[in-house]
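Analysis of the macromolecular model
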Amino acid sequence: MNARHEVEIVESLESISAVEWDALSGNEPFCSHAFLSALENSGCVGARSGWSPCHLVIRRSGRITGAMPLYRKSHSYGEYVFDWAWAEAYRRHGLRYYPKLVSAVPFTPVTGSRLLASDAETKAALIAAALRFAAEQRMSSLHCLFPIAPEAQLMQQAGMLIRQTVQFHWRNDGYSSFDDFLGRMNHDKRKKIRQERTKLRASGIRLERLSGTEAGEAHWKFFFDCYRRTYRAHQSTPYLNLEFFLRLAHLMPQRLLLSVAVRDGRPIASSLCVRGESALYGRYWGAVEYHPGLHFECCYYQPIEHCIEQGIACFEGGAQGEHKLARGLLPIRTLSAHWLAHPRFFDAVADFLRRERRDVEQYVDELGEHSPFKTPAGARD
């Protein structure tokens, strides 16, 4: 690396100028200084959470020219690329898998830049520095989750292993209205969605969509209660707290969209989406009353309708969920990159990923045969 480059490990984004960081992260909401610092300052990320920030920064002549969001992890929760089996294999062989290094946006399975730099040389330097840091710190492994494809290719060239997983995304094919969107679907899927929406309206339920600038504190408190209920229903603990959402509402309100279901004059459900440059990202939801189809309305139909009205190109429905296919979200491949320090485990994981990749390809092909559209659009890479 050029002698004028300096590599630095930063334990808090508070020590980095938001202007400098965002000049590198661009318009990606999840890698923005606002989003990542809100996670840190609310306590959702930190040593007690098992996500310890150790962001990698490259400076040249005192100016930040590259950055990589990076965390020391003591578990594998909140990642959405599952390596529990790898950790268990380490344990069975008397080896330590944790701590490990993870480059990701915590609790956020959204593809985006992880190498925040404007040129390929600096991006390559970030990868090399992360691998060197992992080795120096005696970490079992380094993982980069949901990088964009060009960055994954650079990581592969640096010796990391590439893994494929599947998500479901909706694409805006120039729809003029939600009815136009439904009109492109086959009869059975179109009929089912219309029936779901009709039953909700007949139950006296109406939907409101609020931007972050329109939503007040009461809306956020209600949304957070819904969010907690969802985790409670699955007998788990929520990763995020109310302070985090209130910080987001203050720091980046223009990026936020709340859908609120109202019945008899009171809210009964709410979902949150985040707006990117050309995509809308579905994130969290919850309800205080159960109504058939309410989840689909809040989490899919309202965001899709919003995308059509606003001319947004894509809606990402989050991790997993084959049920999304019937709602018009099609399978796409997402990527992650992995390096393991132990040579034999590196080789074993490489072999596993080769076999898993074949399974993923077959899975996507099978899903493509069940497209909800009249003319199958197939899987999107």
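All right, on to the overall build of the protein then. Along the backbone of the protein there are 11 helices and 15 strands. Taking 21 Å as the expected radius of gyration for a compact globule of 381 residues, we find that the protein reaches 21 Å, a close match to that expectation. Taken over the C-alpha atoms alone, the protein extends approximately 65 × 45 × 40 Å along its principal axes. Counting across all 381 residues of the protein, residues that qualify as buried make up 54%. Considering only contacts within the protein whose residues lie at least 6 apart along the sequence, 74% involve residues at least 24 apart. A total accessible area of about 17100 Å² is found for the protein, and carbon and sulfur atoms account for 48% of it. A distance of 3 Å separates the average location of the 48 positive side-chain charges in the protein from that of its 42 negative side-chain charges.

Reading across the sheet, the 11 strands line up as β2-β5-β6-β8-β15-β9-β14-β13-β12-β11-β10 and stay open at both edges, with mixed pairing between neighbours. The sheet is open, and its two edges are formed by β2 (51–53) and β10 (205–211), each paired on a single side. With strand direction ignored, the average angle separating the axes of adjacent strands in the sheet is 30 degrees.

If you walk through the whole model with that rule in mind, you get one cavity of 30 Å³ or more. Roughly 50 Å³ of internal volume is contained in the largest cavity. In this structure, the largest cavity is lined by F30, F35, T108, F244, F245, L248, L272, V274, R283 and Y284. At the level of secondary structure, the elements contributing two or more residues to the lining of the largest cavity comprise α9 (242–251), β12 (266–275) and β13 (279–287). By residue number, the principal contributor to the lining of the largest cavity is α9, which donates three residues. For the lining of the largest cavity, the residue count by class is eight nonpolar, one polar and one charged.

The periodicity of an α-helix, 3.6 residues per turn, causes residues three or four places apart in sequence to face the same way. Taking 1.5 Å per residue, 16 residues should reach 22 Å; helix α7 (residues 187–202) reaches 22 Å between its end C-alpha atoms and fits that length. Every buried residue of α7 is listed here: R190, I193, E196, R197 and L200. Looking down the long axis of α7, one finds its buried residues gathered within 130 degrees of arc, a one-sided arrangement. Among the exposed residues of α7, those pointing more than 90 degrees away from its buried face are D188, K199 and A202. On its buried face, α7 sits against α6 (178–183), β10 and α10 (294–310). G204 occupies a position one or two residues after α7 and carries a positive phi of about 85 degrees.

We now examine the environment of T165. Relative to the helices and strands, T165 is located in strand β9 (residues 161–171). For T165, a relative accessible area of 22% translates into the label partly exposed. Taking the C-alpha atoms as reference, T165 lies 29 Å from R48; in sequence the two are 117 residues apart. Setting aside anything within four residues of it in sequence, one finds T165 in contact with F146, I332, R333 and T334. One polar contact links T165 to T334, side chain to side chain, over a distance of 2.6 Å.

On average, the protein scores 95 in pLDDT, and the residues at 70 or more come to 97%. Of the regions scoring below 50 in pLDDT, residues 377–381 engages in 12 contacts with residues more than four places distant in sequence or in other chains.

A few words on the pattern of salt bridges. Inspection of every chain in the model, using the stated rule, returns 22 salt bridges. E217 is the salt-bridge partner of K221, the closest N and O atoms lying 3.2 Å from each other. Of this pair, K221 and E217 both sit in helix α8 (residues 217–233), four residues apart, roughly one helical turn. Judged by relative accessible area, which is 46%, E217 ranks as partly exposed. A salt bridge links D225 to R229; its shortest N-O distance comes to 3.2 Å. Taken together, the residues span about one helical turn, with D225 and R229 both in helix α8 at a distance of four residues. Judged by relative accessible area, which is 33%, R229 ranks as partly exposed.

Attention now moves to the layout of surface pockets. By volume, the largest pocket is sized at about 1100 Å³. Taken together, 42 residues line the largest pocket, and the ones lying closest to its centre are Y80, T230, Y231, R283 and Y284. If you list the elements that add at least two residues to the lining of the largest pocket, you get α8, β12, β13, α10 and β14 (314–319). Split by residue class, the lining of the largest pocket holds 22 nonpolar, 16 polar and four charged. Here the second largest pocket defines a volume of roughly 560 Å³.

Our next topic: the packing of helix α2 (residues 33–41) against α9. Relative to each other, α2 and α9 sit at 150 degrees, their axes nearing to 9 Å. Relative to α9, the element α2 lies roughly antiparallel. In this structure, α2 crosses over α9, and the sense of that crossing is right-handed. In this structure, α2 contributes A34, F35, A38, L39 and N41 to the contact, and α9 contributes E243, F244, R247, L248 and L251. In terms of residue class, the contact of α2 with α9 is made up of seven nonpolar, one polar and two charged.

What counts, and where the lines are drawn
Counting of residues starts from 1 at the beginning of each chain's written sequence and follows it residue by residue. The predicted origin of the model limits local features to residues at a pLDDT of at least 70 and limits the giving and counting of side-chain atom pairs to 80 or more, whereas totals for whole chains, interfaces and linings rest on all residues. No hydrogens and no water enter the side-chain calculation; it runs on all heavy atoms of the structure. Each helix is a run of DSSP H or I of at least 4 residues and each strand a run of E of at least 2, with the numbering of both proceeding from the N terminus. Atoms considered for the radius of gyration are the C-alpha atoms alone. The globule rule reads 2.2 Å times the number of residues to the power 0.38. The cut-offs for exposure are 20% and 50% of the maximum accessible area for each residue type, with area from a 1.4 Å probe on protein chains only; residues under the lower value are buried, those over the upper are exposed, and the others partly exposed. Whether two residues touch is decided by their heavy atoms; if any such pair falls within 4.5 Å, the residues are in contact. Here the open area of atoms and residues is found with the Shrake-Rupley method and a 1.4 Å probe, where only the protein chains shown may cover a residue. As used throughout, the charge tally considers Lys and Arg to be positive and Asp and Glu to be negative, leaving His and the chain termini uncounted. In plain terms, the charge of a residue is placed at NZ if it is Lys, CZ if Arg, CG if Asp and CD if Glu. Pairing between strands requires that DSSP locate at least two bridges from one strand to the other. All axes here are fitted lines through C-alpha atoms, helices being fitted over the stretch that makes contact, and every angle between N-to-C directions spans 0 to 180 degrees. Only protein atoms enter the calculation, which uses a 1 Å grid: trapped sets of points that fit a 1.4 Å probe without letting it out are cavities, open sets showing protein on both sides within 12 Å along at least five of seven lines are pockets, and any residue with an atom within 4 Å of a point is a lining residue. Grid points are joined across faces, edges and corners, and a volume is the space filled by probe spheres set on the points. Polar here means any residue other than Ala, Val, Leu, Ile, Met, Phe, Trp, Tyr, Cys and Pro, which are nonpolar, and Asp, Glu, Lys and Arg, which are charged; Gly is therefore polar. How far a helix is expected to stretch is found by multiplying one less than its residue total by 1.5 Å. Starting at the helix axis, one direction is taken to each C-beta atom, and the arc is that of these directions. Between N or O atoms, a polar contact is any pair within 3.5 Å; within protein, one atom must be a potential hydrogen donor and the other a potential acceptor, and residues adjacent in sequence are included only when both atoms are from side chains. Residue-level confidence of the predictor is summarised by pLDDT, bounded by 0 at the bottom and 100 at the top. Each salt bridge in this description consists of a side-chain nitrogen of Lys or Arg and a carboxyl oxygen of Asp or Glu lying within 4 Å of one another. Working definition: roughly parallel below 35 degrees, roughly antiparallel above 145 degrees, roughly perpendicular at 65 to 115 degrees, and oblique for all remaining angles. By convention the crossing between two helices is left-handed if the near helix lies anticlockwise of the far one by an angle smaller than a right angle, and right-handed if it lies clockwise.

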